[in-house]
Every structure is written in C-alpha cells, then in structure tokens.
Number of protein chains: 2
Amino acid sequence: MGRDIPMDETALTDFPNDDASELSDFDAFHHRLRLSYAGLPRRLVQLADFVTREPDEVALGTVSSLAHQAGVQPSTVVRFARTLGFSGFSDMQAVFRDRLRLRNVTYKDRVSALHRGDGQPLEGATIFNGFFEAAMESLRALQSHLIPERLEAAIATLSAADCIYLLGLRRSMPVIRYLSYLLAKLDIRHQIIGLETGMEEESFTHAGPQDAAIVLSYTAYAPRTIELFRALEARSVPVIAMTDSAASPVIPASGLWLEVHEADFQGFRSNAASMVLVSTLAAAVAERRG
Amino acid sequence: MGRDIPMDETALTDFPNDDASELSDFDAFHHRLRLSYAGLPRRLVQLADFVTREPDEVALGTVSSLAHQAGVQPSTVVRFARTLGFSGFSDMQAVFRDRLRLRNVTYKDRVSALHRGDGQPLEGATIFNGFFEAAMESLRALQSHLIPERLEAAIATLSAADCIYLLGLRRSMPVIRYLSYLLAKLDIRHQIIGLETGMEEESFTHAGPQDAAIVLSYTAYAPRTIELFRALEARSVPVIAMTDSAASPVIPASGLWLEVHEADFQGFRSNAASMVLVSTLAAAVAERRG
DNA sequence: CACGGGATAGAACGTATATTCCCTAAATTC
DNA sequence: GAATTTAGGGAATATACGTTCTATCCCGTG
C-alpha cells in the first residue's frame, strides 16, 4: 500500500483545463497519446493501438500479459508508459483502473441522479431521462404491436416497386431523410415528396402502380400529408403507411399499414421507433432484391 | 443458435447472463456465499458483507488493501477465499475481474449474433429484431455512460453560444439534420457545416469563441470531419463532441465530449442514442434560454 | 560503406504481494 | 473448571511482478 513514489502529480494535469468540464485522467491520457502518436516508434504505436482498443485489459492485466497480447516485449510496455510521462507502468495502470472504478460508480448512482423529483427546474439529466424513457417506450410498443405478416407484406410491396416515394412532413421529415439516406446507400431508387414547398405534386407525376410509397404521419396529421396521400392513392400507387392508429386518415385502401406509437416528451417526438422500422424496411428490401 | 428468447427477458437484467441455465462464475459465487453465510464465523461474515457491497474493490484491490477496508487481517482474506472453495485469494479475485471485463463487452457481440451463417435470406422479423436490439443496446449504453456533469457543461456552453454550428458527415448526417430541425423549431440560431460539398469551410468563416459547435463522429472517423473539427478548434470555437471513445480524434482540448456507442446491425448504425442525446441538448438549451 | 544514435529485446534485480505456517485466544464440551 | 477444538492474528516464505540495465539490432546519416 505504501507507495512512496511521489506519483508526479503534474504528469497529466498540465493541460489547459480552462473551464468547468474537468478532463478526467483517462481522457487526458488519450489526449496526450494523440498528440505524440505521430512521432512514436513502431512498437510503441503497436502499444498505443492496443491500449485504445482494449483499455480494460490494461486495467486488469499485468505487464507481461499485455506485452504478450500486443506482441511486444514486457520492457517495451514500461518504456511506453514512461514515454507518455508516467513514472512507470503501475502509474499508467492506475489511470485505467480508476476509470473502471469510476464508471461503475456513475452506473450505480445514475438512477437516483436522474430521477430527482425535487421540483427543481429541469436540469440536463432530467431532460435526458425524459427523452430516454420516451425512446425506450416507443421501441417496446413497436415491438409488441408489430405484426410480422404485415411487415412481410410491406417488404414484398416495396421490393417489387420500381421507384419508392417517400412522404412525411414536419416532425416526420427527419425520419424520411434518414430513410432516403439509407436507400441511397443501398442503391435503391427512391424520391422524397415535398422537399421544395409547393411543388410536392410534381415529385410524383410519373408514379403509378408499378411503384410504391411510404407515408409517415402521426397525430395531429398534417393536412398537406393527407392531401398528398390521397393523390398517391388516386394514382393507384401502392402505399405503405406508418401511423399511430387504425383511425388515421392515411391508412391505404389496401390495409397495408404498420402501427407505430411515438411517445413524446415535452412536445418532442422520439423518432426511435420510426427510425428502427424504417431501417428494417430499407435493409429488408435490399436483402430481398439481393 | 439456441437464442430465440424474446428480448424483453434480457432487457432488464443487469448482467448479460449467457443463459438462465448457465450461471456466471460471479453469480455462482454469490449463490455459494448465500448458502454458507449462516454458518460463517464473525470475521468471515464481515468479509462476506464487504465483498457483496464492494465487488469492484475486490477486483481491483490487493489482499492487504481489502483486509484494511473490511477491518480484518490479510490472512483472513485468504482464509475466506479458501472457505468458499477457491485455491487462494487470486482465484477468487479472478472471478471478480472477469465480471468487470464482461460488463463492458455486452453490446459488442450481441447484435452480430443475429447474422445468420447459413446463407438463408433474412426475413423481415429477423432484420427487425436486429435493428431493435441495436437501438435498445445503444440506448442502454448511453444511459450507463452518460456523465451528468459533462452534460450540464455541454448545455451551458451551447446556451451561451451565439450561433451553433453542426458538424457530422456520412452516417451522422441524418442526426445532424434532425438536430437542425429541432433547433429551427426552437428558434435557436444554428448552421449545418457541409451541406454543399467542397464549401464546408465557408460555412463558418465568421465563427469564433462567441459561438459553439457540435461535432458527431464515430469509428471509422471520416477524415473530412476531423479536418473540419480541427479548423473549428483553430478558430477557438468551443466544441462539444459526441463520439465513441476517449481515443477519438475529435475530442476537443477542453475535454468536453459525450460518450455515445452506436451498436450497428449489418453495417447500419442505429442512431437511437445519438437522436436521444441530440434531442436532450436541443431541449435543454431552449429551457436554459427560457 | 562506415558510423552513430536510438529503439528493442532479454536477462538480472529488487520489491511487493499472496501464501503458508504457527502461535495465541476464545469457545465449546466433557 | 480443565481440555480440546476452532477461529484469528502475525510473521516468515516463496513467488510473481515491475523495474532497470546492457547487449544487439535497425535505421538514418555523413
């Protein structure tokens, strides 16, 4: 216990800690590592990679076990520590161990910290908790309401489509953009409806039964979305709706709709469930098309 | 693959036990401890209480440090281990260390377990499960890693900012767009960096210390993001990073970064955690500004 | 091609740690 | 109340570990 090494306090703390966000020793270590990484010899780079990849091993292992895993000599490990400003390996390991300790401490008290209901103005942790719960709730609801057959039908329809039109305004717009991003990456032809205001109908002048559309709309359903949805149905475009109730105005005649309940927190809808479902559709269509 | 357990089973357990039938060493240890607890001598009871209360100390400490903390003699610690069926203290400690190791691997391999090796096409429900699990895992990881003080510091910085610059390319772009949408709704001045390719730097020619920036980047960090991040730092723009490791190249000198691990499924990253955190930041800043 | 400097590997050293043994104290039984 | 058994404390011992030193190798340089 009696570690009489002075443990060079300045070793890691001489970095600009300007403001309230104090750099943890662990972060400071990595900061230093990044700075000197470029000029490091081969074996030390090997070690640098290893310690960033397996920080837990560093905390729990011994010099020789790490040396073995990283493919270097034990003495190199010590040299690595000294190069980074520690008095020896043990000093460096202490940083990694403290991180493990700390991590589990925050894990322990986070519940009490987050659920503080003492009427104080909303602090960050409370707001986070709200969004977190909303997302979890939405995901759970999605999982329990999802009907596999419907999902399969939706995938089949989309897979057969020539071009997939995407419709979702206001709060659903970010989800649509995300879907568009996914489809682009998967090289699936698609088109967002309504990027330019007022020109929405022009987006699907050529659309027909050979295509398909995904429509997202949650209460209160944007009137413009309903309009555009009806225009799509009028053109006999097969529509897959993602909405939150059987009474929704965007449920297609085919009955092909997927139930998604987005819990909201302070008026902001967590789009977690929509994002997951939309990812599923994109990946499944890509898979189906091969 | 014997794992077709519905995910809500695993959702609430603290430790990702491989299976209900196959107890982890750590759980087995506690089971044994409970059985023999009643007939234990005084000092050993003292130790039993200590190891259940502070398992991390057992994993990280030495015989004498534990003896000191528990108020017994070092030799008693060894006797304790032997009484519980270990060959010595080190054997017992190994169990506690393995537990620490396992804790942090949880989400890594779980999703990949869904990748079917038999070459069969994945059906919709399977794909959905993958994305669903990835999202849940990301959210859980976010909750356990989030440091409330850091979050507060980030909110404070953003609240004080004149204009908030948003940076995140490729896979992070959808999240940035979503954040932009939120900020627009909340009437908070902001600017996305890099909407037009090649003209990114022009987006922040007027940026300075009075502003702030949010940078999203996950492995493998897009080189262009790193470049732009450095340019921001060079202009002394306070940067808040959302990234996945202390070794990330986009961690600002201020140390103001938030840890986010996005589990991915089939190469697609669930952005669930990022979305939740980004919503939190937007709402908290709005709240702070009143 | 020769030389010098630094990086690396391997071995030797000293220390800290777990372990073991033994003695003392306490408790239980005859 | 004495003897025997069991728990606990303390010190000695063995081992594993980090550290340091030195010889060798590689790479760059004159």
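Let me sum up the structure you'll find in this document. Keep in mind that this is a model prediction, so the values were computed, not measured. (Residues numbered from 1 in each chain as written. Chains lettered and ligands numbered in written order. Predicted model: local features only at pLDDT ≥ 70, side-chain atom pairs only at ≥ 80, totals over all residues. Heavy atoms only, no water.)

Let us now look at the protein's contact with DNA strand D. Not every one of the 16 residues close to DNA strand D is listed here, only the nearest: Val63(A), Arg82(A), Phe89(A), Arg43(B) and Gln73(B). Backbone atoms, meaning sugar and phosphate, make up 80% of the atoms of DNA strand D lying within 4 Å of the protein. With respect to DNA strand D, the side chain of Arg43(B) contributes an N or O atom lying 2.9 Å from a phosphate oxygen. In the environment of DNA strand D, a base oxygen lies 3.3 Å from a nitrogen or oxygen atom belonging to the side chain of Ser75(B). (Near = heavy atom within 4 Å. Polar contact = N/O pair within 3.5 Å; in protein donor to acceptor, adjacent residues only side chain to side chain.)

With 69 residues of chain B at the interface, the matching set in chain A holds 65 residues. Of the roughly 6,200 Å² buried between chain B and chain A, counting both surfaces, carbon and sulfur atoms make up 64%. The three residues of chain B that bury the most area against chain A are Leu60(B), Phe128(B) and Gln143(B), which together make up 12% of that side's buried surface. On the surface where chain B and chain A come into contact, there are 2 salt bridges. Here chain B is connected to chain A by 13 residue pairs in polar contact (both at pLDDT 80 or more). Among the elements that take part in the side of chain B that touches chain A, helix H9 (residues 124-145) of chain B stands out by supplying 15 residues, more than any other. The residue inventory of the side of chain B that touches chain A, partitioned by class, reads 36 nonpolar, 15 polar and 18 charged. (Contact = heavy atoms within 4.5 Å. Buried area = accessible area lost by both parts, 1.4 Å probe. Salt bridge = Lys/Arg side-chain N within 4 Å of Asp/Glu carboxyl O. Helix = DSSP H or I, 4+ residues; strand = E, 2+ residues; numbered from the N terminus. Nonpolar A, V, L, I, M, F, W, Y, C, P; charged D, E, K, R; others polar.)

Once that is clear, we can look at the protein's contact with DNA strand C. The immediate surroundings of DNA strand C are formed by 17 residues, with Arg43(A), Gln73(A), Val63(B), Arg82(B) and Phe89(B) found nearest. Counted by atom, the contact set of DNA strand C within 4 Å of the protein is 78% sugar and phosphate. Ser75(A) places a side-chain nitrogen or oxygen 3.3 Å from a base nitrogen of DNA strand C. A distance of 3.2 Å is found between a phosphate oxygen of DNA strand C and a side-chain nitrogen or oxygen belonging to Arg79(A). At the level of secondary structure, the elements contributing two or more residues to the surface near DNA strand C comprise helix H3 (42-53) and helix H6 (74-83) of chain A together with helix H5 (63-70), helix H6 (74-83) and helix H7 (89-103) of chain B.

All names here are of chain B. Its 18 residues give helix H13 (residues 272-289) an end-to-end C-alpha distance of 26 Å, which sits within 8% of 26 Å, the value for a rise of 1.5 Å per residue. In terms of burial, H13 is a largely internal element, 15 of the 18 residues being buried. Positive phi shows up at Gly290, right after H13, with a value of about 80 degrees. (Expected span 1.5 Å × (residues − 1). Buried < 20%, exposed > 50% of the residue type's maximum accessible area, 1.4 Å probe, protein only.)

Moving on to the sheet that holds strand S4 (residues 239-243) of chain A. Residue and element names in this part refer to chain A. One open sheet holds the 5 strands; their spatial order is S2-S1-S3-S4-S5, and the pairing between them is parallel. The open sheet is flanked by strand S2 (190-192) and strand S5 (257-259), the only strands paired with a single partner. Adjacent strand axes in the sheet meet at a mean angle of 15 degrees, parallel and antiparallel pairs treated alike. Two elements, strand S1 (residues 164-167) and strand S3 (residues 212-217), share 4 bridges in a ladder whose sense is parallel. Counted as the bridge partner of Tyr165 is Ala213 from S3. Across the sheet, helix H12 (residues 272-289) touches S3, S4 and S5, and the angle it forms with S4 is around 155 degrees. (Pairing = 2+ DSSP bridges. Axes fitted to C-alpha atoms, helices over the stretch in contact; angles between N-to-C directions.)

Moving on to the environment of Ala67(A). Residue and element names in this part refer to chain A. Here Ala67 is to be found in helix H5 (residues 63-70). Accessibility expressed as a relative area gives 1% for Ala67, which makes it buried. In sequence terms Ala67 and Val78 are 11 residues apart; their C-alpha atoms lie 9.5 Å from each other. With near-sequence residues (within four places) excluded, Ala67 lies in contact with Val72, Gln73, Pro74 and Val77.

What follows concerns the environment of Arg171(A). Mapped onto the fold, Arg171(A) is located in the loop between S1 and helix H10 (173-185). Owing to a relative accessible area of 24%, Arg171(A) belongs among the partly exposed residues under this scheme. C-alpha of Arg171(A) to C-alpha of Ala222(A): the two residues are 51 residues apart in sequence and 9.5 Å apart in space. Not counting the four nearest positions on each side in its chain, Arg171(A) is found in contact with Thr219(A), Gly267(A), Phe268(A), Arg269(A), Asn271(A), Tyr181(B) and Lys185(B). There is a polar contact of 2.6 Å between the side chain of Arg171(A) and the backbone oxygen of Gly267(A).

Residue and element names in this part refer to chain B. Taken in spatial order, the 5 strands of this open sheet run S2-S1-S3-S4-S5, and their pairing is parallel. One side of each edge strand has no neighbouring strand; the edge strands of this open sheet are strand S2 (190-192) and strand S5 (257-259). Taken over all neighbouring pairs, the strand axes of this sheet differ in orientation by 15 degrees on average, direction set aside. Pairing geometry for strand S4 (residues 239-243) and S5, over 3 bridges, is parallel. Bridge pairing links Met242 to Leu258 in S5. The sheet strands contacting H13 are strand S1 (164-167), strand S3 (212-217), S4 and S5, and the helix crosses S4 at an angle near 155 degrees.

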